[in-house]
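# What the coordinates show
Single-letter residue listing:
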Amino acid sequence: MEFGYSKEHVLLRDLYRKFAETEVQPLAEELDEEERFPVETVGKLARFGFMGIPFPKEYGGTGGDYLAYAMAVEELAKVCATTAVVVSAHTSLCAGPIYMFGTEEQKQKYLVPLAKGEKLGAFGLTEPSAGTDSSMQQTTAKLDGDEYVLNGTKVFITNAGYADTYVIIAMTDKSKKNRGISAFIVEKDTPGFSIGKKERKMGIRGSATCELIFENCRIPKENLLGREGQGFKIAMQTLDGGRIGIASQALGIAEGCIEECVKYVMERKQFNKKIGQFQNTQFELADMATKVEAVKLLVYEAACEKDAHRSYSHLSAMAKYLAGSTASDVSRRCVQLFGGYGYTRDYPIERMMRDAKITEIYEGTSEVQKIVVANWMGLK
Amino acid sequence: MKIVVCIKQVPDTVEVKIDPKTGTLIRDGVPSIINHDDKTGIEAALTLKEKLGATVSVVSMGPPQADVALREALAMGCDEAYLVSAREFGGSDTYATSGILAAALDKVGYDLIITGRQAIDGDTAQVGPQIAEKLHLPQVSYVEEVVDAGEDFVVVKRQFEDGYHIVKLKTPCLLTAIAELAEPRYMSIGGVFDAYQKEIKVIGFEDLKDGLELDMIGLKGSPTNVYKSFTKEMKGAGTVLHDLTPDQAVEAIVKKLEEKFII
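Calculation criteria
- Residues numbered from 1 in each chain as written.
- Chains lettered and ligands numbered in written order.
- Predicted model: local features only at pLDDT ≥ 70, side-chain atom pairs only at ≥ 80, totals over all residues.
- Core = buried A, V, L, I, M, F, W, Y, C linked by C-beta atoms within 7 Å.
- Buried ≥ 20, exposed ≤ 12 C-beta atoms within 10 Å, placed from the backbone.
- Helix = DSSP H or I, 4+ residues; strand = E, 2+ residues; numbered from the N terminus.
- Contact = placed C-beta atoms within 7 Å.
- Nonpolar A, V, L, I, M, F, W, Y, C, P; charged D, E, K, R; others polar.
- Axes fitted to C-alpha atoms, helices over the stretch in contact; angles between N-to-C directions.
- Parallel < 35°, antiparallel > 145°, perpendicular 65-115°, else oblique.
- Left-handed = near helix turned anticlockwise from the far one by under 90°.
- Pairing = 2+ DSSP bridges.

## Remarks on the nonpolar core
One finds A:Phe184, A:Val299, B:Ala73, B:Ile100 and B:Leu101 to be the most contacted residues of the largest nonpolar core, which totals 191 residues. Considering each element in turn, this core owes the most residues, 16 residues, to helix α6 (residues 231-265) of chain A. Excluding residues within four positions of it along the chain, A:Val299 makes contact with A:Ala70, A:Ile244, A:Ala247, A:Ser248, A:Leu251, A:Ala319 and A:Ala323.

## Observations concerning the interface of chain B and chain A
Across the boundary between the two partners, chain B contributes 11 residues, which contact 16 residues of chain A. Per-element tally for the side of chain B that touches chain A: the top contributor is helix α5 (residues 189-195) of chain B, with four residues. Here the residues of the side of chain B that touches chain A sort into seven nonpolar, two polar and two charged.

## Looking at helix α2 (residues 67-76) of chain B
Residue and element names in this part refer to chain B. For α2, a buried count of eight out of 10 residues is recorded, marking the element as mostly surrounded by other parts of the structure. Considered for burial, the residues of α2 that qualify are Ala-69, Leu-70, Arg-71, Glu-72, Ala-73, Leu-74, Ala-75 and Met-76. Downstream of α2 by one or two residues, Gly-77 has phi in the positive range, about 130 degrees.

## A closer look at the packing of α6(A) against helix α9 (residues 349-357) of chain A
A packed helix pair is summarised by two numbers, namely the angle formed by the two axes and the spacing between the axes. Residue and element names in this part refer to chain A. Running from N to C, α6 and α9 point in directions that differ by 160 degrees, and their axes come no closer than 10 Å. With respect to each other, α6 and α9 are oriented roughly antiparallel. Considering only the axes of α6 and α9, their crossing is left-handed. Along its contact with α6, which presents Ala-250, Ile-253, Gly-256, Cys-257, Glu-260 and Cys-261, the element α9 presents Ile-349, Met-352, Asp-355 and Ala-356. In the contact of α6 with α9, the residues fall into seven nonpolar, one polar and two charged.

## Considering the sheet that holds strand β10 (residues 173-177) of chain B
Residue and element names in this part refer to chain B. Across the sheet, which stays open at both edges, the nine strands sit in the order β9-β8-β7-β10-β6-β1-β4-β5-β11 with mixed pairing between neighbours. Edge positions in the open sheet fall to β9 (163-170) and β11 (200-203), since each of these has one partner strand only. Taking each pair of neighbouring strands and ignoring which way they run, the sheet shows an average axis angle of 30 degrees. Note: strand β5 (residues 80-84) against β11, four bridges, orientation parallel. Pairing of Ala-81 across the sheet is with Ile-200, part of β11. Across the sheet, helix α4 (residues 127-134) touches β6 (112-116), β7 (139-150) and β10, and the angle it forms with β10 is around 175 degrees.

## Quick word on unusual backbone geometry
Geometrically, the link from B:Thr171 to B:Pro172 is a cis peptide bond, its omega value of 0 degrees lying close to zero. Within the secondary structure, B:Pro172 is located in the loop between β9 and β10. Notably, A:His309 is not glycine yet its phi reads approximately 55 degrees, a positive angle. Considering the arrangement of structural elements, one finds A:His309 in the loop between α7 (279-307) and α8 (313-338). Positive phi values are uncommon outside glycine, yet B:Asp243 reaches one of about 55 degrees. For B:Asp243, the position within the fold is in the loop between α6 (205-208) and α7 (246-259). Overall, B:Asp243 belongs to the exposed group, with 6 C-beta atoms counted inside 10 Å.

## Focus: the environment of B:Val59
Residues and elements named next belong to chain B. By the secondary structure assignment, Val-59 is in strand β4 (residues 55-61). A C-alpha to C-alpha distance of 9.8 Å links Val-59 and Ala-73, two positions 14 residues apart in sequence. When residues no more than four places from it in sequence are discounted, the contact partners of Val-59 are Val-4, Cys-6, Tyr-82, Val-84, Leu-101, Ala-104, Leu-105 and Val-108.

In C-alpha cells:
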C-alpha cells in the first residue's frame, strides 16, 4: 500500500486551491445571503476544465480520473459548498450516467457539451413520495410512436432551472416494479417540461433546488438512456459515483471549518491568552483534524477503487456516511470554539455548519449508506 | 512565430535562507514556484499565441527539480519545454547563466524571447539583457504592454519611472516582462494531465559544448564573487509624524537627524 499523490494530483491541488481562493471564496457569502446561483462561476469552472474532470478527452473531458474530480469538489467545498455541489451534481449525476450508459450518439450529443461545460446537467430521481424508497416512482413514461410521453413531478432537483440537460428516472412499466423503471435524457425547453417551486433551504442556499414538472412532455425515443427497465440500476450506479462527490464536498466543508477555526483561535484572546493556547481548544481541533484525515483516506480510497474499476459501492457509501457525519460534527464544534461570533454572520463558520447538514441527507441519507454497507456485509 | 519564454524556479518565500559557507541559497524544504515576472512572460506569450497562432516553448536552467515549473508552464498552455541542466552549470552567476541560456536558445531556435524582468531570489535583472547581448538581439526591458504584434515585429510599451516609450522591434528580439504586462492564467485541469504526457527535453553540457567552454560556465566562468551573503536584520518600526505642515515636517526631520548626529 502506498500513500502519496501522483505528480499530476499535486499540481492539480495547487490549481484547485488558487482557483477556489481567488474565484470562488469571494462570492460564497453573497451567494448564501442572496440565495443566488453562481452563474458567473460556472463559466470560469468550464474554462479550466472543472465540469468534465473524470471523462476522456474524446468526450470533451480533461482525461482525468475520479480522484482528481473528488479533490476538485473538496477544494471548492472548503470555501463554498454551493459551488462544489453545482460541479458534483453536474458531473456525477448527469454527465456520469450518460458516460456509463449512453450510446455513442448520446455521448456525442449530450456528454461532450456537458464535459466541456458548455451545458449544465442535472438529475431527477426523487419525488414527493419517492425519497429513500426511490422505487416508488410515480412519474411515468409511455412510448407513443417515436416518442416517450413523460408525466409526473420530481422534487429537490439540484441545478434545476439552470441546467440544460436532465437525466430523468421514470416508470415505464409499473407491473414490473424496479425492473419497470427507465432513465431518459430530457433537454430544457422541451414542451411540457417546466420548473416548479424553488426550495428555500437551510444551507447550500446558492444551489438551485427546484421541482421539475412533466405534463405530457414528449421526448424522442432515442433519448432513452440504457435499455427500458434498466433505470433503477442506472440510478443506483449513478448514486454510487455521486456519493464520492458528496463525500468530497463534506470532506471539504470539514477541512474548511478547521482552517477557519485555526485562524480564529490564534487571533482571539481571552484571559490574556490566545484561545488556541488552551488545551481544550487544542484537543478539540486535534480530535477534529484526526477524524477528517481518516475521512480523507476513505474518500480517496473510494475514488481510487472506482478509477481501478474495482467494486467500490460499499466504499462510497462508507465514505459518504463518515464524511457527512464528520462534517456536521466538525462544523458544529468549530462554531462552539468561535463562541458568540461563530453564531453571527460576520464569520463564515455558521454558513459552513448550515451547509454541512445536507451532506448527511442528499444523494442517500446516512441511514441509506448504512443499509448499503450492511448489505455488502451480507446482512440482508 | 516561435516564442521562447525563459523561466526560473524560485523559492516561494520572502525569507530566503542563505548557506553562510557557500553564499548560495538553501533550496531544501522551501516550496518552489515559477518566478512571478517569468509567469507574466508566459501569459504574454500565450496571449500572442492565441492572436498570431505562434508556438510557445519554455526554457529553464536549473536542477532536475525545476521539472515541476516546466510542467506548470505546459499545463498553462505552452507547447514544449526544455530543462537546461548539468553539473557543469552549477554555481553560475548571471554572466555564466546568460551564456549557457544563449547557447541553449540558439539550439532551441526562436523568433521572440521573453524573460521576466528579474527573479525574486537574486533580484539582479541581468540575465534577460545579457542573453540579448550574447545573441546580438535587439531588446526592450520593463515591458508593460504588447501593443501590437505581427509575423516579424512587435510593438511594446516600455515602462519608466516617469513615463513610457512605445518601441517597435523587428524579430528576432528579446523582451523582459514586468508584472503589469499580464495577469497569468490558471493551469487548466486537462493541461495538467497533458503536461505529464509530454516529454521535457533536457539540454546538458554535452549538447552545448560546441558553443561553451568549461571556463565560461559554473563557478569558474562566473566573474561575480559573493563576498558575503546575509539576511537583513529586522529594524524597529519607523516613526510616522502626522498632521504637520511641510515646514513643521522639515523641522521635525532635521531635528531627528541632528539628535542622531547624522547631520
